Amino acid sequence: DTVKAVLEGCSEGIEESLPASMRQKYGLIGLYDALRGLHFPGNMEEIKAARQRLAFEDTLMFSLTLSMMQYSLPKREQPLKLEGTMSSFIKLLPFEPTNAQLKAMEEIRRNLAGERLMNRLLQGDVGSGKTAVALYAMYAAMKNGKQAALMAPTEILAAQHYTTLCKIFGAENVAYLKGGMKKAEREAELARIATGEAKAITGTHALLQGDVEFHDLGMVITDEQHRFGVKQRATIGAKGSAADVLIMSATPIPRTLAMILYGDLSVSCIDELPPGRQPVDTFVVGERYRLRLNAFIRKQVAEGHQVFVICPLVGEDDDLPDERKAVTAYARQLQEKTFPDLRVAVLHGRMKPKEKEKVMAAFAAGESDILVSTTVVEVGVDVPNATLMVVENADRFGLSQLHQLRGRVGRGRARSYCVLLSDTQNPETRRRLK
């Protein structure tokens, strides 16, 4: 009764928020009718019309707010000079960029030429060439006398970035901060960063730690946004002048969801694989395929290729169900019983950084046939000769993890495969794996 009295009492006072032309275009009822229809509907149609009207308004207001966020980004202190930067950068690359890469570079160039700082998400499947596009953003900043930082989620990937940066920009312009550096070595790198001698800087997210002082940080690039927190992004601003930000992700995020998650982000997509790259054939199989899978592993090795085997656990003492394959125990079993004639290596997160790098470098150099690992290889490991990715207990992994793991193969010219092993009967999990 109270609601009825209020509604009747303020029928004139409820102000319409959508223009008549918009209501007519989308077949929407007025705001007063919608409120009345929700509280005192005559039939189901009235409820439906009321909900549709209010949902439309909510979504419209949300979209407009996100659009306004694009304009709340800080303004540049001075415009960047970008003429000819794309053509001169492309000459530095040892390959011809794809049209999709060129399009993403052009979007970044336009962003950097604008009056507001860039905050852009660069999406593209694993192996689509996001790093080359990111290098253009670094190059453009460096050409304007700024420093550019490229942050990686793991030390293995940071080491790969370092090698790439040295090839493209010259080792004298590059600094690399990693865990386990000797004090004198770290201090020498910190000094090169502080004086501006080092223009391109790479490392893990430790780059944002307190003792890292930049001379003039103008570009920050982060790899794998789902591992990079909001607080870390905020720390960038505290490191010096306002910087342009580029975030790379291989995890597919639908454009609308990207807007919701990162309202202030522009989105660039690389939707084309470089020439010679082939899509990876993916299969979901159960334990009964084990013998066939083992034979397939042998076939790949016999053809001169290498194999990743990923397990969810590290050691035998992990307090989790038995059916999860423990990496160290499983590797021993593979070496002693299943493949005594092949070379099996082990990699997991509890190893010291130097140990990890040694195992990974040996695998990349072809000194082992099968690498049994946890998801420590998930991001950025580049072994073009690896053609088969086997994921044990695949139902235990998240979608973005599986996506990344599959991206470790198919990086060379040979046809590659990803086998997801799972005996789960859970229909939702089966659907997710499919």
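As shown above, the structure is provided for reference.
What you are looking at is a predicted structure, and each value in this text was computed from that prediction instead of being measured.

In this section: the pattern of salt bridges. Should the charged atoms of two oppositely charged side chains come close, the side chains can pair. The tally for this structure, following the rule as stated, stands at 22 salt bridges. Across the pair Arg53 and Glu57 runs a salt bridge whose closest N-O atoms are separated by 2.6 Å. Of this pair, Arg53 and Glu57 are both found in helix 4 (residues 44–70), four residues apart, which corresponds to roughly one turn of the helix. Glu392 serves as the salt-bridge partner of Arg290, at 2.8 Å between the closest nitrogen and oxygen. Of this pair, Arg290 sits in helix 12 (residues 290–302) while Glu392 sits in the loop between strand 12 (386–391) and helix 15 (399–406), and the two are 102 residues apart along the sequence. Taking the relative accessible area as the measure of exposure, Glu392 reaches 2% and is therefore buried. What you see here is one network of salt bridges that share partners, running through Glu16, Arg23, Arg53 and Glu57.

What follows concerns the sheet that holds strand 11 (residues 370–373). With parallel pairing, six strands are arranged side by side in an open sheet as 8-13-12-9-11-10. Single-partner strands in this sheet number two, and they are strand 8 (281–285) and strand 10 (344–347). The average undirected angle you get between the axes of adjacent strands in this sheet is 20°. Against the sheet, helix 12 makes contact with strand 9 (306–310), strand 11, strand 12 and strand 13 (417–421), and its axis sits at roughly 160° relative to strand 12, the strand it touches most. On the sheet, helix 15 packs against strand 8, strand 9, strand 12 and strand 13 and is oriented at approximately 155° with respect to strand 12.

Let us now look at the packing of helix 7 (residues 130–143) against helix 8 (residues 155–169). Following both chains from N to C, one finds helix 7 and helix 8 inclined at 55°, their axes separated by 12 Å at the closest point. The angle between the axes of helix 7 and helix 8 places the two elements in the oblique class. The element helix 7 and its partner helix 8 pack so that their crossing is right-handed. Residues Thr131, Leu135, Met138, Tyr139 and Met142 of helix 7 lie in contact with helix 8, whose contacting residues are His161, Thr164, Leu165, Ile168 and Phe169. Its residues assigned to classes, the contact of helix 7 with helix 8 shows seven nonpolar, three polar and no charged.

Among the structural elements, Thr429 can be located in helix 16 (residues 427–433). You can call Thr429 buried: its relative accessible area is 14%. For Thr429, the residues in contact, after removing those within four places along its chain, are Asp395 and Thr424.

With that settled, the discussion passes to the sheet that holds strand 4 (residues 200–203). Taken together, the seven strands give an open sheet; going across it, the order is 3-4-2-5-6-1-7, and neighbouring strands pair in parallel fashion. The open sheet has two edge strands, strand 3 (174–177) and strand 7 (266–270), and neither has a second partner. The sheet shows a mean angle of 20° between the axes of neighbouring strands, taken without regard to direction. Here four bridges tie strand 2 (residues 147–151) to strand 4, and the two strands are oriented parallel to one another. Paired with Ala149 across the two strands is Ile201, which belongs to strand 4. Running over the sheet, helix 6 (residues 99–113) touches strand 1 (119–124), strand 5 (217–223), strand 6 (244–249) and strand 7 and is turned about 160° from strand 7. Docked against the sheet, helix 8 engages strand 2, strand 3, strand 4 and strand 5, running at close to 170° with respect to strand 3.

The rules we used
- For every chain, the first residue of its written sequence is number 1, and the numbers climb from 1 along that sequence.
- In view of the model being predicted, local features appear only for residues whose pLDDT reaches at least 70, and side-chain atom pairs are presented and counted only at 80 or more, with totals across whole chains, interfaces and linings using the full set of residues.
- As a rule here, side-chain values come from all non-hydrogen atoms in the structure, and water together with hydrogens is ignored.
- Salt bridge, as applied in this entry: a Lys or Arg side-chain nitrogen positioned within 4 Å of an Asp or Glu carboxyl oxygen.
- By definition, any uninterrupted DSSP run of H or I lasting at least four residues is a helix, any uninterrupted run of E lasting at least two residues is a strand, and each is numbered from the N terminus.
- Partly exposed describes any residue whose relative accessible area lies between the buried limit of under 20% and the exposed limit of over 50%, with all areas from a 1.4 Å probe on protein chains only and scaled to the type maximum.
- When DSSP finds two or more bridges between a pair of strands, those strands are recorded as paired.
- Under this scheme, a helix contributes an axis fitted over its contacting stretch, all axes are lines through C-alpha atoms, and angles between N-to-C directions fall in the 0 to 180 degree range.
- Should any heavy atoms of two residues lie within 4.5 Å, those residues are considered in contact.
- Here is the rule for angles: anything less than 35 degrees is roughly parallel, anything more than 145 is roughly antiparallel, 65 through 115 is roughly perpendicular, and the remaining ranges are oblique.
- Whether a crossing is left-handed or right-handed is set by the direction in which the near helix is turned from the far one by less than a right angle, anticlockwise for left-handed and clockwise for right-handed.
- In the scheme used here, Gly and all other residues not listed as nonpolar or charged are polar, with Ala, Val, Leu, Ile, Met, Phe, Trp, Tyr, Cys and Pro taken as nonpolar and Asp, Glu, Lys and Arg as charged.

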